[in-house]
Amino acid sequence: MAGVTLNVAIGLLTSMLSAAFVWLWQRGRNTRALHRKARFFGMRPGETCIVVMNHKWDRPGVAAHHDVQAMVEAVVLARELGCEVSMRVSGDFRDSNGPCAEFCIGGPENGSNVRTAGHLEHNLPGVEVRPFSDRPDSMAFVVGEETFPWDRGRCEYVLVAKFLPLSATRPVFVVCGQSAVTNHAAMVFLRRSHRELSDRLASTDRFCLILRVDAIATYGVQGTTLARDVSASAFEPRPGLRPAATG
């Protein structure tokens, strides 16, 4: 009887130790994953993340549904990393992001997000966003010698860039899509694929990516893939353009 009791006790102890080991291993893995995620997005628990809001290009003061969803994705991401969130309106925010990570969502077309326009001009001189028009290159991205056209509802692109502006200690993420739905798609992609990007990119400190959103009518924001890493061209002035004066 004593032997049976001893065996049961040993079995219970072994099960408890195994469960504790699994719990500690899982917690350690989750902690490592969280730290890796925080490094990619440049955030630390207890800090503040700034989310810069845009508006519909033809209706100032009104945000498109998918742009609101993109902002929600950014807020949820910040909360996952233990950060507070400060919502700012692009036209009213004229300052460095300083010690706060920043998500600047929306393109510059017709003043939709004037802060995006400033970020592109001062940090991504190799990027041009063609204006909305009846021309074939309407809303196209031109980066270096590559052009990414806008095929509305079929194949659309969104530019995602990370960089450290002057006088800031935390990065800015610019999410500049050819439509509101691509802004939303980019934020979903970043939250889902940051680990894959960390493994693929030459640097996670500074990059510029073009994401492709296919079959929007069928897959919505889920059909997003990495089309091109254009970092080498985006941060250098395009051929034929003179750099902006510095003094």
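Not measured: the values here are computed from a predicted model.

Side note on the confidence of the model for the protein chain
Residue-level pLDDT values for the protein chain average 86, and 83% of them are 70 or greater. Below pLDDT 50 for its whole length, residues 21-25 participates in zero contacts with residues either more than four positions away or in separate chains. For residues 242-247, every residue scores under 50 in pLDDT, and the model assigns this stretch one contact once sequence neighbours within four places are set aside.

Some remarks on the packing of helix H2 (residues 65-80) against helix H4 (residues 180-200)
Two elements in contact, H2 and H4, have axes whose closest approach is 7 Å; the angle formed by their N-to-C orientations is 20 degrees. Relative to H4, the element H2 lies roughly parallel. Judged by the twist between their axes, the crossing of H2 over H4 is left-handed. Taking contact as the criterion, the partners of His66, Asp67, Gln69, Ala70, Glu73, Ala74, Val76, Leu77 and Glu80 in H2 are, on H4, Ala180, Val181, Asn183, His184, Met187, Val188 and Arg191. Grouping the constituent residues of the contact of H2 with H4 by class yields eight nonpolar, four polar and four charged.

Comments concerning the sheet that holds strand E3 (residues 101-105)
Within the open sheet, the seven strands sit side by side as E2-E1-E3-E8-E7-E9-E10. Their pairing is mixed. Sheet topology places strand E2 (84-89) and strand E10 (224-229) at the edges, where each strand pairs with a single neighbour. The average undirected angle you get between the axes of adjacent strands in this sheet is 20 degrees. Here E3 runs beside strand E8 (residues 172-177); their pairing, made up of four bridges, is parallel.

Cut-offs applied
All residue numbers refer to position in the chain's written sequence, counted from 1. Predicted model: local features are reported for residues with pLDDT of at least 70 only, side-chain atom pairs are reported and counted for 80 or more only, and whole-chain, interface and lining totals are derived from all residues. To get the side-chain values, all heavy atoms of the structure are used, and hydrogens and water are removed first. You can read pLDDT as the predictor saying how much it trusts each residue, on a scale of 0 to 100. Whether two residues touch is decided by their heavy atoms; if any such pair falls within 4.5 Å, the residues are in contact. In this analysis, axes come from line fits to C-alpha atoms, helices being fitted only over the stretch in contact, and the angle between any two N-to-C directions falls in the range 0 to 180 degrees. Secondary structure elements follow DSSP: runs of H or I no shorter than four residues count as helices, runs of E no shorter than two count as strands, and numbering proceeds from the N terminus. Oblique is the label for every angle not falling under 35 degrees (roughly parallel), over 145 degrees (roughly antiparallel), or within 65 to 115 degrees (roughly perpendicular). Each crossing is labelled by how the near helix is turned from the far one, with a counterclockwise turn of less than a right angle marking it left-handed and a clockwise turn marking it right-handed. Under the scheme applied here, ten amino acids are nonpolar (Ala, Val, Leu, Ile, Met, Phe, Trp, Tyr, Cys and Pro), four are charged (Asp, Glu, Lys and Arg), and all others, including Gly, are polar. The criterion for strand pairing is that DSSP finds at least two bridges linking the strands in question.

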